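What the coordinates show
Read off the chains here:
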Amino acid sequence: KIPEISDLNVLKIYQRNGIASKLMDKAEQAISERSNIAGIGVGLTKDYGPAQIMYVKRGYIPDGLGLSYNERLISYGENVRVDDDLIICLTKQLK
């Protein structure tokens, strides 16, 4: 029941210009009107590296539930496909 920022994407040619940060500012502001916590899921491959770094710098931390695949928590020893649906969820205290 945590409001989640989803599908935040910036085309590669426009990355590193602060666009994602401005979008995150607006999303967090909107979320803060109804919740003290914001959530976001991020992929685990190298392609998501810049997003992972940005979220940590913005104060997001893992939610402690581990990995998810297609919105289902992954159990110890389970085999999953590594693709865009394998994520870790992060949360941030807004207030």
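Quick look at the structure, then. Note that this is a predicted model, so its numbers are computed, not measured.

Across its full length, the chain carries 2 helices and 5 strands. Secondary structure elements of the chain, listed N to C terminal, follow the sequence β-α-β-α-β-β-β. The C-alpha atoms of the chain give a radius of gyration of 14 Å, which matches the 12 Å a tight globule of 95 residues would have. The principal-axis extents of the C-alpha atoms in the chain amount to approximately 40 × 35 × 20 Å. Sequence separation of at least 24 residues holds for 66% of the intrachain contacts in the chain that already meet a minimum separation of 6. Accessible surface computed for the chain: about 7,100 Å², of which carbon and sulfur atoms make up 52%. Seen as two clouds, the 13 positive and the 12 negative side-chain charges of the chain have centres 8 Å apart.

This next bit is on a nonpolar patch on the surface. A surface patch of nonpolar side chains, about 520 Å² in accessible area, is lined by Leu11, Ile13, Tyr14, Ile19 and Leu23. When you line up the elements, Leu11 lands in the loop between strand 1 (4–5) and helix 1 (19–32).

Turning our eyes to something else, we now look at the environment of Lys57. As for its placement among the helices and strands, Lys57 is situated in helix 2 (residues 49–57). It is 13 Å that separates the C-alpha atoms of Lys57 and Gln93, two residues lying 36 residues apart in sequence.

Quick look at the pairing of strand 3 (residues 61–69) now. Strand direction decides the pairing type here: strand 3 and strand 5 (residues 86–93), joined by 5 bridges, are antiparallel. Within strand 5, the residue paired with Ser68 across the bridge is Ile87. Inspection of the sheet shows strand 3 paired to strand 4 (residues 72–73) by 2 bridges, in the antiparallel sense. Looking at the pairing, Ser68 lines up with Leu73 of strand 4. With antiparallel pairing between neighbouring strands as the criterion, strand 3 and strand 4 make up a hairpin whose turn holds 2 residues, including Asn70 at a positive phi of roughly 50 degrees.

Parameters at a glance
Residues numbered from 1 in each chain as written. Predicted model: local features only at pLDDT ≥ 70, side-chain atom pairs only at ≥ 80, totals over all residues. Heavy atoms only, no water. Helix = DSSP H or I, 4+ residues; strand = E, 2+ residues; numbered from the N terminus. Rg over C-alpha atoms; globule rule 2.2 N^0.38 Å. Contact = heavy atoms within 4.5 Å. Areas by Shrake-Rupley, 256 points an atom, 1.4 Å probe, with all protein chains shown as cover. Lys, Arg positive; Asp, Glu negative; His and termini not counted. Charge placed at Lys NZ, Arg CZ, Asp CG, Glu CD. Patch = residues over 30% accessible without salt bridge, like charges linked within 9 Å, V, L, I, M, F, W, Y side chains within 5 Å. Salt bridge = Lys/Arg side-chain N within 4 Å of Asp/Glu carboxyl O. Pairing = 2+ DSSP bridges.

On their own, these measurements won't tell you what the molecule is for.
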